[in-house]
Amino acid sequence: MKIAFIGLGNMGAPMASNLSQAGHDLVGYDAAGVTVEGVSVATSGAAAADGADVVITMLPNGAILRAVADEVVPAMKDGALLLDCSTVDVDSARHVAKQAEAAGKMAVDAPVSGGIGGAAGGTLTFMAGGSAKAFALAEPLFDIMGQKAVHCGEAGAGQAAKICNNMVLGVTMAATCEAFALADKLGLDRQKMFDVVSTSSGYSWSMNAYCPAPGVGPTSPADNGYQPGFAAELMLKDLRLSQQAAESADADTPMGQLAEQLYSQFVDHEDGKGRDFSALLPRFEKRSRG
Ligand code: NAD
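Computed from a predicted model, the values in this text were never measured in an experiment.

Cut-offs used in this document
Residues numbered from 1 in each chain as written. Predicted model: local features only at pLDDT ≥ 70, side-chain atom pairs only at ≥ 80, totals over all residues. Heavy atoms only, no water. Helix = DSSP H or I, 4+ residues; strand = E, 2+ residues; numbered from the N terminus. Expected span 1.5 Å × (residues − 1). UniProt positions renumbered as here; feature names shortened; annotations may be inferred. Buried < 20%, exposed > 50% of the residue type's maximum accessible area, 1.4 Å probe, protein only. Contact = heavy atoms within 4.5 Å. Polar contact = N/O pair within 3.5 Å; in protein donor to acceptor, adjacent residues only side chain to side chain.

Undergrad: Talk me through helix α7 (residues 157-185); I want residue IDs and the actual numbers.
TA: Along its 29 residues, α7 runs 42 Å from first to last C-alpha, staying within 8% of the 42 Å computed at 1.5 Å per residue. Looking one or two places after α7, you find Gly187, whose phi comes out positive at around 75°.

Undergrad: Report on the UniProt feature "active site" (unreviewed entry) in the chain, specifying residues and quantitative values.
TA: Look at the UniProt record and you will see "active site" (unreviewed entry) annotated at Lys162. The topology assignment puts Lys162 in helix α7. Residue classification places Lys162 among the buried residues on the basis of a relative accessible area of 7%. Excluding residues that lie within four positions of it along the chain, Lys162 makes contacts with Thr87, Pro111, Val112, Ser113, Met127 and Asp238.

Undergrad: Describe the side chain of His24, listing the residues and the values that go with them.
TA: If you trace the backbone, His24 turns up in the loop between α1 (12-21) and β2 (25-29). Polar contacts involving the side chain of His24 include one to the main-chain amide nitrogen of Met1, which spans 3.1 Å. Beyond its immediate sequence surroundings of up to four residues, His24 is in contact with Met1, Ile3, Leu19, Leu141 and Ile144.

Undergrad: Tell me about unusual backbone geometry, and please be specific about residues and values.
TA: The phi angle of most residues is negative, glycine excepted, and most peptide bonds adopt the trans form. At the junction of Pro228 and Gly229, the peptide bond is cis and its omega measures out at 25° in the coordinates. Summarising the element assignment, Gly229 is placed in the loop between α9 (205-208) and α10 (232-249). A positive phi angle, near 65°, is found at Tyr226, a position not held by glycine. Inspection of the secondary structure assignment puts Tyr226 in the loop between α9 and α10. Even without being a glycine, Asp250 presents a positive backbone phi close to 55°. You can see Asp250 is positioned in the loop between α10 and α11 (254-269). According to the relative accessible area criterion, Asp250 is exposed, its value standing at 73%.

Below, the structure is given as structure tokens:
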């Protein structure tokens, strides 16, 4: 397939590289002039999209995605697929899908989980929204860039699944961290706390697979000085998207809202930026109730 890849950052560059190594014909464009081995360089997004069977975007946010789509959709050939793998707001995903379909093209929103390691190793999970026909076209590419793709529904369903999942993650990580800090103050050994909660009804991925306490549970960013992993500012981005969606859909999400406020405080006003999202534990450790 001829594939245009727009946005060759931390995630996009290794994803494009994996597609090229699998034998596809890749042409790339990044506003910062990034180049990737095996990917020929276009002078603009539209030039990259010209003649491509699939245009993949991996961009920072919905506003940039909309601007890129305005330029790229008219340049795409009829029936070509716009495959957006960025994490953006649900409304932008739906807007861009509508725009592509009105112009005779197809669209899938397919945000990922798995981070930079998953992008490099081709082990990402894709959560996809779009028609069955468009999903089927994207599927062989998901198989190269990832290990699992779930077709979640129509346009925007991939983004919806991603932000709902990450809202659960933000809330459970915050709860797990504050519970460890409470346990400390109650004189409860952290290992004992882990042994009980990880096998009782308080268990979760945050506790069992990504334990925020150093030296306890499986190896996690806590064992590496809280180097990300999954950076607190990326969690904040996803929590903000969840609250934007909740606002737009008139959904009551008080725990998600609190988690957003907490991560915003941590990233914007404390030392959370650049640290793993599980570094809320040392934050709580240092604090008292007032
Ligand atoms: P990044 O900032 O490293 O890459 C984004 C790239 O887009 C940059 O290289 C930038 O120059 C380019 N860009 C910006 N505007 C452009 C334009 N108009 N035209 C062409 N290129 C443009 O970000 P990333 O970490 O690669 O993340 C990309 C997306 O994936 C984001 O939506 C992010 O939320 C999501 N995501 C990231 C991770 C992660 O661990 N990094 C995990 C899951 C999802």
